[in-house]
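# Structural description and commentary
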There are 2 protein chains.
Amino acid sequence: MEKSNFFDFNSYLKVRTQKIEKVLETYFPKAKSYEERVISASKYSLFAGGKRFRPLLCLAGCEVVGGNWEKILLFAAGIECLHTYSLIHDDLPCMDDDDLRRGKPSCHKAFDPPTAILAGDGLQALAFELFSHPDLVKNVNKRRLLKAIYLIAKAIGLKGMVGGQMVDLLMEGKKGSPRILKWIHFHKTVCLIEASLLSGALLGGAKFKELKVLSSYGKNLGFAFQIIDDLLDIIGDEKKIGKKTFSDIKKQKLTYPAIFGLEKTQKLAVKYIEKAIKSLKFFGTRAEPLKALANFILNRIPTNSKFVQNEQISF
Amino acid sequence: MEKSNFFDFNSYLKVRTQKIEKVLETYFPKAKSYEERVISASKYSLFAGGKRFRPLLCLAGCEVVGGNWEKILLFAAGIECLHTYSLIHDDLPCMDDDDLRRGKPSCHKAFDPPTAILAGDGLQALAFELFSHPDLVKNVNKRRLLKAIYLIAKAIGLKGMVGGQMVDLLMEGKKGSPRILKWIHFHKTVCLIEASLLSGALLGGAKFKELKVLSSYGKNLGFAFQIIDDLLDIIGDEKKIGKKTFSDIKKQKLTYPAIFGLEKTQKLAVKYIEKAIKSLKFFGTRAEPLKALANFILNRIPTNSKFVQNEQISF
């Protein structure tokens, strides 16, 4: 069979996203008893139409090092549970107080704050249940699986995502430096994005050099992701981003646009994506999916934006 | 050396508790940056003088099947992180709204609710970081470690502890049956107590029959533990239990004393402890520590109680 150079990103995304959905649905606990409310609440948020970006990165990390992505779907699904838990808790009234998420009322709005706290707690536990599920354990190297769990647990912990959200809250309404803003973005967002990619790579059998390259790609992609998220709070389309715009500004959040203005922020996002894509050179054509994922992030910036020409960046 | 039949429970407890404290202190993340607040908050609750009952059970489960408890200290320490996270979240104003815990202001009182939520979240993540820590992985069978992680994750999940807390909240002020009360206790408390024991046993190399016996012991012990906890809310000494008495009554919680009255509740506790101890017969003299731990729970009931003579129960 002749190998085509054409990489069909849409069908790539479709196949993997469908499988992730399927696994999430299959392994999501069924309510059979009194606990129905908290299961409904976590299900409500988990199946609210997320892009499944982190699990996709996990699968892509596995593939780029020659692993079989279908064997680690349970791990990827667990990462989405972690991401959803973090959104539910971040949206709480005593945290970021966001009423809208993924275009629907936030979990604490659709249910109530205590239910939302418990739903988040349960989703964090579910993630680790999936990470150690017998159906995954039989597919992968156990030493590597334990390493991947360790990596993710650290990434979302007190010195990772949780620490980032703490400082994000503490800086509300305060004047912050670019240094502290980068610190917040790194911990709140970049850590888990990088770990999603690296855990997939570990499970796929990655060598040290490959992990190093992916770590660089992951960090740059993660920063671009959060910068663009900040940007969309101002120039995004509410329907597309699934939450209200100007919410960061109202809460006087420390963001890139607040410090650098729109133009410089957009240029920074492009710069990070360029750096991410450049680091992929090591993988040659195998990196097509990761390249496409990076451009996919960049293309979240509306096409009518004055500052960014949404062309595909290549290395 | 002559083997003595005398089992010194106090020195048994002291040696193990000190090692658990040491491991918790050693592996607890050090704040080096902006995240200091959330690290302080989780540290505040983790080192507030807990009895370390669940980690002790984990170590005892390992020992009774012939395993080396010193090799699994990190796992036991992780279990205490999970327990502490659950206390922090349960105490929140929108949950059980308890201002006092382990004799000190609850986490959200000493800090604030968002910090307490994040501290709990971070402690849950820390538990899984410890469970998959390289220093533990090198000591144990990896397949068994993954099984133990799976067991614990399920026990604290949507169909375990989190589900139990949800229903406990939902039943506040409502008339409940003994059946639903038992359901709540099982999920809220028994699941993690049983899993603590079984995970230790798994890591210690337990055979199927041993796990079955320990499961029965763990369930009975867990029920006794929660029933006595309910009881201490009424007849306990605030200084000893470290929280305010009559708090369940004020919140119209569904408890054993509320349904059965004090006398029957105390008899039930004794019955569960007796059943727990009887199931240990299988292990012969090796079960001394587990027997002593069960009697230790029973002896939390004040000695001036009208209904229970606090003698040692034996099989």
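Here goes a summary of the coordinates provided. From a predicted model like this one, the values you see are computed outputs, not experimental measurements. (Residues numbered from 1 in each chain as written. Chains lettered and ligands numbered in written order. Predicted model: local features only at pLDDT ≥ 70, side-chain atom pairs only at ≥ 80, totals over all residues.)

As a further point, take the overall build of chain A. Scanning chain A from N- to C-terminus turns up 15 helices and 2 strands. Since a compact globule built from 315 residues should have a radius of gyration of about 20 Å, the 19 Å found for chain A is in line with a globular shape. Dimensions of chain A along its principal axes, counting C-alpha atoms only, are 55 × 55 × 30 Å. Taken over 315 residues, chain A has a buried fraction of 55%. The contacts in chain A between residues at least 6 apart in sequence include a share of 74% that link residues at least 24 apart. (Helix = DSSP H or I, 4+ residues; strand = E, 2+ residues; numbered from the N terminus. Rg over C-alpha atoms; globule rule 2.2 N^0.38 Å. Buried ≥ 20, exposed ≤ 12 C-beta atoms within 10 Å, placed from the backbone. Contact = placed C-beta atoms within 7 Å.)

Another aspect to go through is helix α10 (residues 178–203) of chain B. Residue and element names in this part refer to chain B. The end-to-end C-alpha separation of α10 is 35 Å, in line with the 38 Å expected for 26 residues at 1.5 Å each. Of all bends in α10, the biggest is about 45°, found at V190. The buried fraction of α10 is high, at 21 of 26 residues. Directly after α10, the chain includes G205, whose backbone phi takes a positive value near 95°. (Expected span 1.5 Å × (residues − 1). Bend = angle between axes of the 7 residues up to and from the residue.)

On to the environment of S45 of chain A, then. All names here are of chain A. As for its placement among the helices and strands, S45 is situated in helix α2 (residues 36–46). Of the residues examined, S45 has 26 C-beta atoms within 10 Å and is grouped as buried. A C-alpha to C-alpha distance of 7.4 Å links S45 and I88, two positions 43 residues apart in sequence. What S45 contacts, discounting residues up to four positions off in sequence, is T84, L87, I88, C107 and A119.

With that settled, the discussion passes to helix α2 (residues 36–46) of chain B. Burial within α2 of chain B is extensive, with 8 of its 11 residues counted as buried. Among all positions in α2 of chain B, only V38, I39, A41, S42, K43, Y44, S45 and L46 of chain B are buried. Its buried side turned inward, α2 of chain B meets α9 (161–170) of chain A together with α1 (9–27), α4 (73–91), α5 (107–110) and α6 (113–131) of chain B.

What follows deals with the relation of the copies chain B and chain A. Two copies of the chain are present, and they differ by a rotation about an axis and a shift along that axis. Once chain B is rotated about the relating axis by 180° and shifted along it by 0.0 Å, it coincides with chain A to within an RMSD of 0.0 Å. The transformation just described matches what one would write down for a two-fold rotation axis. Closest approach to the rotation axis within chain B is made by the C-alpha atom of K142 of chain B, at a distance of 3.2 Å. Of the interface residues in chain B, 98% have counterparts in chain A that sit at the interface too, so the contact is made through matching surfaces. (Least-squares fit on C-alpha atoms with pLDDT ≥ 70 in both.)

Let us look at the interface of chain B and chain A. Taken together, the contact pairs 48 residues of chain B with 47 residues of chain A. If one sorts the elements of the side of chain B that touches chain A by residue count, α6 of chain B sits on top with 12 residues. Across the side of chain B that touches chain A, the residue classes tally to 29 nonpolar, 11 polar and 8 charged. (Nonpolar A, V, L, I, M, F, W, Y, C, P; charged D, E, K, R; others polar.)

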